[in-house]
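The lines below spell out each chain.
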Amino acid sequence: METFSIYELNSTNYEQVEEPAPHEFGDVRSQWPDCEYVVDINPAGFVSYGANSLQKLSLYSFDPIKEEIELAKPVWFPGAHGEEVVRDVLVIPGTKKALTCGEDGSVRAWEMPFDPLTRTNVQSSSMEISADEDEKKQKKKEKQEKKERREQRDKEKKERKEKKEKKDKKDKKDKKDKKDKKKKDVRFKPY
């Protein structure tokens, strides 16, 4: 069984050895909604976890002083990295941007509805976000350009083929005409 606990640092009083009791959360996969694995518990103020079967990554505010996770205001990254495990989440301080990387080999940029580190600009109790619009536009543009290049190559290939067929047909006709002319000129010529 996998469990999550927070341990305090031992005191510096070496005369009396006392180890503080840990704050035990237990198996968080059954306590946190849609949790199959934990990605990161960041002391900056967030916890992130994922669910491969749902293709989902969730990010919640975390208070490292009180050791509490605020499950009421999630940020969801739908689709995340597909069915692959998300390996790391970087929330860029002072912004609403986040980067994720996963076992699918990609790094993705996200725009969040609020900064989870400062908990500002919260508009509702839960928000879904999508990948950067610029990234989507760029991929769409690249796909369109690729399609146009393929169409242009196909068009050029077709034109070359038609030109070759026309040339072959003309060469064949010229050859036949030359042969026919040679046959017609066959007559007796004195020396």
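Residues numbered from 1 in each chain as written. Predicted model: local features only at pLDDT ≥ 70, side-chain atom pairs only at ≥ 80, totals over all residues. Heavy atoms only, no water.

> Please clarify how the overall build of the protein should be interpreted in this entry.
The helix and strand tally for the protein stands at 2 helices and 10 strands. For the protein, the sequential pattern of α-helices and β-strands runs β-β-α-β-β-β-β-β-β-β-β-α. Counting over 191 residues, the protein shows a buried share of 26%. Taken as a whole, the protein presents about 14700 Å² of accessible surface, with 50% of it coming from carbon and sulfur. (Helix = DSSP H or I, 4+ residues; strand = E, 2+ residues; numbered from the N terminus. Buried < 20%, exposed > 50% of the residue type's maximum accessible area, 1.4 Å probe, protein only. Areas by Shrake-Rupley, 256 points an atom, 1.4 Å probe, with all protein chains shown as cover.)

> It is not clear to me how the environment of Ser61 should be interpreted in this structure. Could you clarify?
Within the secondary structure layout, Ser61 lies in strand E5 (residues 56–63). Between the C-alpha atom of Ser61 and that of Phe46, which follows or precedes it by 15 residues, the distance is 4.4 Å.

> Help me out: how do you make sense of the packing of aromatic side chains in this one?
Ring pairs (aromatic) are described by centroid distance and by the angle formed between their planes. Inspection of every chain in the model, using the stated rule, returns 5 aromatic pairs. Ring centres 5.5 Å apart and planes at 10° place the aromatic pair Tyr49 and Tyr60 in the stacked group. Linking Tyr49 in strand E4 (residues 46–51) with Tyr60 in strand E5, this pair joins segments that are 11 residues apart in sequence. Each residue in the set Phe4, Phe25, Trp32, Tyr49 and Tyr60 is aromatic and connected to the rest through ring pairs, giving one cluster. The lysine or arginine in question, Lys56, covers the ring of Trp76, its NZ or CZ lying 4.4 Å from the ring centre. (Phe/Tyr/Trp six-rings, centres within 6.5 Å; stacked < 30°, edge-to-face > 60°. Lys NZ or Arg CZ within 6 Å of the ring centre and 35° of its normal.)

> Hey, could you run me through the nonpolar core in this one?
Taken as a class, soluble globular proteins show a tendency for nonpolar side chains to be buried jointly. Judged by nonpolar contacts, the single largest core of 17 residues is most densely connected at Leu57, Leu59, Phe77, Val86, Val89 and Val91. If you list the elements that add at least two residues to this core, you get strand E3 (37–42), E5, strand E6 (68–78) and strand E7 (86–91). When residues in this core are grouped by element, the largest group, 3 residues, is from E7. Excluding anything up to four places from it in sequence, Val89 contacts Val39, Asp40, Phe46, Ser48, Leu57, Leu59, Leu99 and Thr100. (Core = buried A, V, L, I, M, F, W, Y, C linked by side-chain atoms within 4.5 Å. Contact = heavy atoms within 4.5 Å.)

> Teacher, can you tell me more about the sheet that holds strand E8 (residues 97–102) here?
As a general point, the strands of a sheet are linked pairwise by backbone hydrogen bonds and lie either parallel or antiparallel. Here 3 strands make up an open sheet; going across it, the order is E7-E8-E9 and the pairing antiparallel. Looking along the sheet, the strands with just one partner apiece sit at the ends: E7 and strand E9 (107–111). Each adjacent strand pair in this sheet contributes to an overall mean axis angle of 20°, direction not counted. (Pairing = 2+ DSSP bridges. Axes fitted to C-alpha atoms, helices over the stretch in contact; angles between N-to-C directions.)

> Explanation requested: the side chain of Lys56 in the structure shown.
Here Lys56 lies in strand E5. A polar contact of 2.7 Å, which involves the side chain of Lys56, links it to the side chain of Asp34. Other than its neighbours up to four places away in sequence, Lys56 contacts Asp34, Tyr49, Gly50, Ala51, Trp76, Phe77 and Ala80. (Polar contact = N/O pair within 3.5 Å; in protein donor to acceptor, adjacent residues only side chain to side chain.)

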